[in-house]
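Per-entry structural report
These are the residues of each chain, in order.
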Amino acid sequence: MAEGAKVCLVTGVGPGTGAALARRFARGGYRVAMLARDRERLRTLENEIEGARGYACDVTDDAALRATCDAVATDLGAPSVVIHNAVGGAFGDFQTIDPGVLRRNFEVNTMALLGLARAVAPAMVDAGEGAILCTGNTSAHRGVANFAGFAPSKAAQRILAESIARNLWPRGVHVAYVTIDAVIDLAWTRQMYADKPDEFFITPDAIADECWHVAHQPRAAWTFDVWIRPFGER
């Protein structure tokens, strides 16, 4: 990896979308800071992805998140692309969900975005460029009955991202919300939807490619609301 390469920070680096994002930006020449709670998974990915470095971090711990962002800036350089991919989810209607689960999801999805943006935005503003992306889903746009423990936190996340965008766009920092309107192609989702054809799923690599595209849009044509779905999605 070339000295002085740009830096991409990704939260929620698991075996699906997070790992695909790390691979895509590493392939594009970035040094990649991978944030997740699972140290062993991060070590495995460090060995697989050239130019990627893992940082064990619980994004709901604001002090730890701030310290991790500082460590990334010291070790690799200030990130010019940040992707908040960490997600907390739950199924259940408003009468059956555990209120504590919704609070936890709000911490992961919304409050962590706030802490992350506050940590990385000043350097981006000073540089006059940068991109902050957030991976979301359809729950950010509608309240399905069985998503009462999840959708409110994603809707809040999207509105927070829009508020951040209105503040940072005029200062040269692109903020965007990428709505993934599909079931992501993972081992457990394939088991859950075993009767579905390939076109029902969206692949992590396709998500990563679109995030790469959004992060590198020309200033004259920035996008905030980005919807991606497979052609078979209704």
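Here, the structure is the one placed above.
Okay, so let's go over this structure. Since this is a predicted model, take the numbers as computed values, not measurements.

Attention now moves to the overall build of the chain. When you go through the chain residue by residue, the secondary structure sums to seven helices and nine strands. The C-alpha radius of gyration of the chain comes to 17 Å, within 12% of the 17 Å expected for a compact globule of 234 residues. Considering only C-alpha atoms, the chain reaches an extent of 50 × 35 × 35 Å along its principal axes. Summarising the internal contacts of the chain: among those between residues at least 6 apart in sequence, 68% fall at separations of at least 24. Accessible surface, the chain as shown: approximately 11,300 Å² in total, 51% of it carbon and sulfur. Here the chain contributes 24 positively and 27 negatively charged side chains, and the mean placements of these two sets differ by 3 Å.

Take the packing of helix 1 (residues 17–27) against helix 7 (residues 204–215) next. Two numbers describe how helix 1 lies on helix 7: the axes approach to 8 Å, and their chain directions differ by 50°. Our classification of the angle between helix 1 and helix 7 gives oblique. Taken as a pair, helix 1 and helix 7 cross one another with a handedness that is right-handed. Along the contact surface, helix 1 presents T17, A20, L21, R24, F25 and R27, while helix 7 presents P204, D205, I207, A208, D209, C211, W212 and A215.

This model, assessed by the stated rule, comprises 12 salt bridges. A salt bridge links R23 to E48; the shortest N-O distance between them is 3.2 Å. One end of the pair, R23, is in helix 1; the other, E48, is in helix 2 (residues 39–48), and 25 residues separate them in sequence. Residue R23 is classed as partly exposed on the basis of its relative accessible area of 36%. Across the pair D225 and R158 runs a salt bridge whose closest N-O atoms are separated by 2.6 Å.

Between helix 4 (residues 99–127) and helix 5 (residues 151–168), the least distance of the axes is 9 Å, while the angle of their chain directions is 15°. Taken together, the axes of helix 4 and helix 5 are roughly parallel relative to one another. When you trace helix 4 past helix 5, the crossing you get is right-handed. On helix 5, the residues that touch L102, N105, F106, N109, T110, L113, L114, A117, A121 and V125 of helix 4 are P152, S153, K154, A156, Q157, L160, A161, I164 and L168.

This part takes up the side chain of T60. The residue T60 is located in the loop between strand 3 (52–56) and helix 3 (62–75) in this model. Within the structure, the side chain of T60 is placed 3.1 Å from the side chain of R104, a separation counted as a polar contact. Ignoring anything within four residues of it in the chain, the contact list for T60 reads R104, E107 and V108.

How each quantity is defined
- Residues numbered from 1 in each chain as written.
- Predicted model: local features only at pLDDT ≥ 70, side-chain atom pairs only at ≥ 80, totals over all residues.
- Heavy atoms only, no water.
- Helix = DSSP H or I, 4+ residues; strand = E, 2+ residues; numbered from the N terminus.
- Rg over C-alpha atoms; globule rule 2.2 N^0.38 Å.
- Contact = heavy atoms within 4.5 Å.
- Areas by Shrake-Rupley, 256 points an atom, 1.4 Å probe, with all protein chains shown as cover.
- Lys, Arg positive; Asp, Glu negative; His and termini not counted.
- Charge placed at Lys NZ, Arg CZ, Asp CG, Glu CD.
- Axes fitted to C-alpha atoms, helices over the stretch in contact; angles between N-to-C directions.
- Parallel < 35°, antiparallel > 145°, perpendicular 65-115°, else oblique.
- Left-handed = near helix turned anticlockwise from the far one by under 90°.
- Salt bridge = Lys/Arg side-chain N within 4 Å of Asp/Glu carboxyl O.
- Buried < 20%, exposed > 50% of the residue type's maximum accessible area, 1.4 Å probe, protein only.
- Polar contact = N/O pair within 3.5 Å; in protein donor to acceptor, adjacent residues only side chain to side chain.

Scope: geometric values only; no functional claims are made or implied.
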